[in-house]
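A look at the structure
Chain by chain, the residues:
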Amino acid sequence: MSNNKMNMSALFQIGYGLYVVTSNDGKKDNGLIVNTVIQVTNTPEKIAVTINKQNYSHDTIKETGVMNVNCLTVEAPFKVFEAFGFVSGRNTDKFAGCSPERSANGLAVLPRYINAYISLKVEQYIDLGTHGMFICSITEADVISDKESMTYAYYHKNVKPKPETKTVKGYVCKICGYVYEGEELPADFVCPLCKHGASDFEPIK
Ligand code: FE
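Residues numbered from 1 in each chain as written. Predicted model: local features only at pLDDT ≥ 70, side-chain atom pairs only at ≥ 80, totals over all residues. Heavy atoms only, no water.

**Some points on the coordination of the iron ion**
Cys173 (SG), Cys176 (SG), Cys191 (SG) and Cys194 (SG) make up the full set of protein donors to the iron ion, lying at 2.3 to 2.4 Å. Classification of the site at the iron ion as tetrahedral follows from its 4 donor atoms and the range of 100 to 117° in their angles at the metal. Here the donor residues of the iron ion are spaced in sequence according to C-x2-C-x14-C-x2-C. Cys194 carries the same exposure label as Cys191, and that label is buried. (Donors = N, O, S within 2.8 Å, 3.2 Å for Na, K, Ca; no water. Tetrahedral: all angles 85-135°; square planar, octahedral: opposite > 155°, others 65-115°. Buried < 20%, exposed > 50% of the residue type's maximum accessible area, 1.4 Å probe, protein only.)

Here is the structure:
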């Protein structure tokens, strides 16, 4: 053990999966990428999903009280993360040119790259400041394939593109690979692609 007892890198050792959470604001389907889906109880089963308040989906789900969790597999290519993770449903139709399947609640189920979906009904909302946590019951669930689930670790190792950054001086976003060029990364910098903060950037070596 080291002398640094507040080594936040410890948090990277927590295991996560990656999911597309779909919702509908009454006008169009929407979806976003989250890693924060957890089964928190059984008998009855309850699922917690935490979403950043800056995401349009947060407001939609708070209003409609329903969502689908689409469990991504290791076959999901980077373009899925770009389509659902790096643009906002506020001004983009993320399902343009795609005809999704539907669960009984009417919400979209991804036609590819998932091994299961779970339809959720919000039972409780917990305000966490920057984020909202939705505690949900399950109204429908099914397994689509036996392909392995996408984990956060797998995404970082195998899916996220490795940028050619040898020649520039700056910082790279550990989440999506965005490159900030400059000597000093502002402490309040927010990644324009994935909206993660300065703590998720590392200097380019
Ligand atoms: Fe990023």
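**Digging into the environment of Ser145**
Mapped onto the elements of the fold, Ser145 is located in the loop between strand E9 (131–143) and helix H3 (152–159). Exposure remark for Ser145: the relative accessible area of 26% places this residue in the partly exposed category. When the C-alpha positions of Ser145 and Tyr56 are compared, they lie 29 Å apart, and in sequence the two are 89 residues distant. With near-sequence residues (within four places) excluded, Ser145 lies in contact with Thr73, Ile114 and Asn115. In this structure the side chain of Ser145 is engaged in a polar contact, spanning 3.2 Å, whose partner is the backbone nitrogen of Lys147. (Helix = DSSP H or I, 4+ residues; strand = E, 2+ residues; numbered from the N terminus. Contact = heavy atoms within 4.5 Å. Polar contact = N/O pair within 3.5 Å; in protein donor to acceptor, adjacent residues only side chain to side chain.)

**Comments concerning the domain arrangement of the protein**
Along its sequence, the protein is carved into domain 1 (8–154) and domain 2 (162–203). Computed from C-alpha atoms alone, the centre-to-centre distance between domain 1 and domain 2 is 25 Å. Tallying the contact residues gives 6 residues for domain 1 and 8 residues for domain 2. Buried area between domain 1 and domain 2, summed over both chains or domains, comes out near 510 Å², and the portion from carbon and sulfur atoms is 58%. (Domains from an automatic or database assignment. Buried area = accessible area lost by both parts, 1.4 Å probe.)

**Quick look at the sheet that holds strand E4 (residues 46–52)**
Strands sit in the order E2-E1-E5-E8-E9-E4-E3 across an open sheet of 7 strands; the sheet is antiparallel. At either end of the open sheet lies a strand with only one pairing partner, and these are strand E2 (29–34) and strand E3 (37–41). Averaged over neighbouring strand pairs, the angle between their axes works out to 35° when direction is ignored. Relative to E9, E4 runs antiparallel, the two being bridged by 7 bridges. Bridge pairing in E9 links Thr50 to Met133. In this fold helix H2 (residues 78–85) packs onto strand E1 (19–24), E2 and strand E5 (66–72), with an angle of close to 115° to the strand it touches most, E2. (Pairing = 2+ DSSP bridges. Axes fitted to C-alpha atoms, helices over the stretch in contact; angles between N-to-C directions.)

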